[in-house]
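Letter by letter, the chains look like this.
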Amino acid sequence: MKTYTKVLVAGLALASGVALSSAAPVAENWDNHCAKCHGADGAGQTKIGKKLKLKNYTDAAVQAAMTDEEILKATTEGVIIDGKEKMKPFKDELSAEEINDFVAYIRAFKS
Ligand code: HEC
């Protein structure tokens, strides 16, 4: 019985190790792909963020006005305003799983 448990635990550790290596952690993806515009804290107060008048994700009212579907759609397909691409789509660079992780990550910026 004890041996069986050890084998099971080892198997699980191996499986999660494989899963981790295929998708980058969401914090790393945010820093690499999003923070230069939206800010490390999600407030959008970067040089580019101010210029683009980005929403402040630490603001509860902003969070309430945005659905999870909109977060997924914006990140997957990008944001086009007045016929101009303001944010590029990330579907070719990040997996669906990685994009999905942004929903909880962005929600957590709310102060
Ligand atoms: C070049 C700057 C830039 C980068 C990089 C960028 N965005 Fe954006 N993003 C924008 C702009 C511009 C908007 C539209 C204005 C707004 O909603 O604040 C926007 C809007 C959004 C929205 C709001 C959609 C809505 O319906 O309100 C989400 C969510 C979002 N971005 C997530 C991300 C994520 C996740 C990343 C990284 C994978 C990212 N953005 C990278 C510029 C950027």
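Here is a short report on the structure shown in this document. What you are looking at is a predicted structure, and each value in this text was computed from that prediction instead of being measured. (Residues numbered from 1 in each chain as written. Predicted model: local features only at pLDDT ≥ 70, side-chain atom pairs only at ≥ 80, totals over all residues. Heavy atoms only, no water.)

### A look at unusual backbone geometry
If you check the backbone angles, Lys-53 has positive phi at about 55° while not being a glycine. Within the secondary structure layout, Lys-53 lies in the loop between helix H3 (47–51) and helix H4 (60–64). The class for Lys-53 is exposed, based on a relative accessible area of 71%. One non-glycine residue, Asp-82, lies in positive phi territory at about 50°. We classify Asp-82 as exposed; its relative accessible area is 79%. (Helix = DSSP H or I, 4+ residues; strand = E, 2+ residues; numbered from the N terminus. Buried < 20%, exposed > 50% of the residue type's maximum accessible area, 1.4 Å probe, protein only.)

### A few points about the nonpolar core
Of all hydrophobic cores here, the largest spans 15 residues; its most connected members are Trp-30, Tyr-57, Phe-102 and Ile-106. Broken down by secondary-structure element, the contributors of at least two residues to this core are helix H2 (26–38) and helix H6 (96–107). For Trp-30, the contacting residues outside a window of four places in its chain are Ala-35, His-38, Gly-39, Ala-40, Gly-42, Phe-102, Tyr-105, Ile-106 and Phe-109. (Core = buried A, V, L, I, M, F, W, Y, C linked by side-chain atoms within 4.5 Å. Contact = heavy atoms within 4.5 Å.)

### Concerning H2
When the terminal C-alpha atoms of H2 are compared, their 14 Å separation across 13 residues is substantially less than the 18 Å that a helix rising 1.5 Å per residue should span. Approximately 50° is the largest bend angle found in H2, and it occurs at Asn-32. For H2, the complete set of buried residues consists of Asn-29, Trp-30, Cys-34, Ala-35, Cys-37 and His-38. Looking at the packing, one finds that the buried side of H2 touches H3, strand E2 (84–87) and H6. At the C-terminal side of H2, Gly-39 shows a positive phi close to 85°. (Expected span 1.5 Å × (residues − 1). Bend = angle between axes of the 7 residues up to and from the residue.)

### Things to note about the site of the ligand
Surveying the vicinity of the ligand reveals 21 residues, the closest of which are Cys-34, Cys-37, His-38, Lys-55 and Met-87. At a separation of 2.8 Å, a nitrogen atom of the ligand approaches a polar side-chain atom of His-38. Among the cavities detected, the one that contains the ligand is the largest pocket. At the level of secondary structure, the elements contributing two or more residues to the shell around the ligand comprise H2, helix H5 (68–77), strand E1 (79–81), E2 and H6. With 5 residues, H2 is the largest single contributor of residues to the shell around the ligand. (Near = heavy atom within 4 Å. Polar contact = N/O pair within 3.5 Å; in protein donor to acceptor, adjacent residues only side chain to side chain. 1 Å grid on protein atoms, 1.4 Å probe; cavity = no way out; pocket = protein on both sides within 12 Å on 5 of 7 lines; lining within 4 Å. Sits in = over half its atoms within 2 Å of the grid points.)

### Some points on the side chain of Asn-29
Inspection of the secondary structure puts Asn-29 in helix H2. When its relative accessible area of 4% is taken as the criterion, Asn-29 is described as buried.

These figures capture arrangement, not role.
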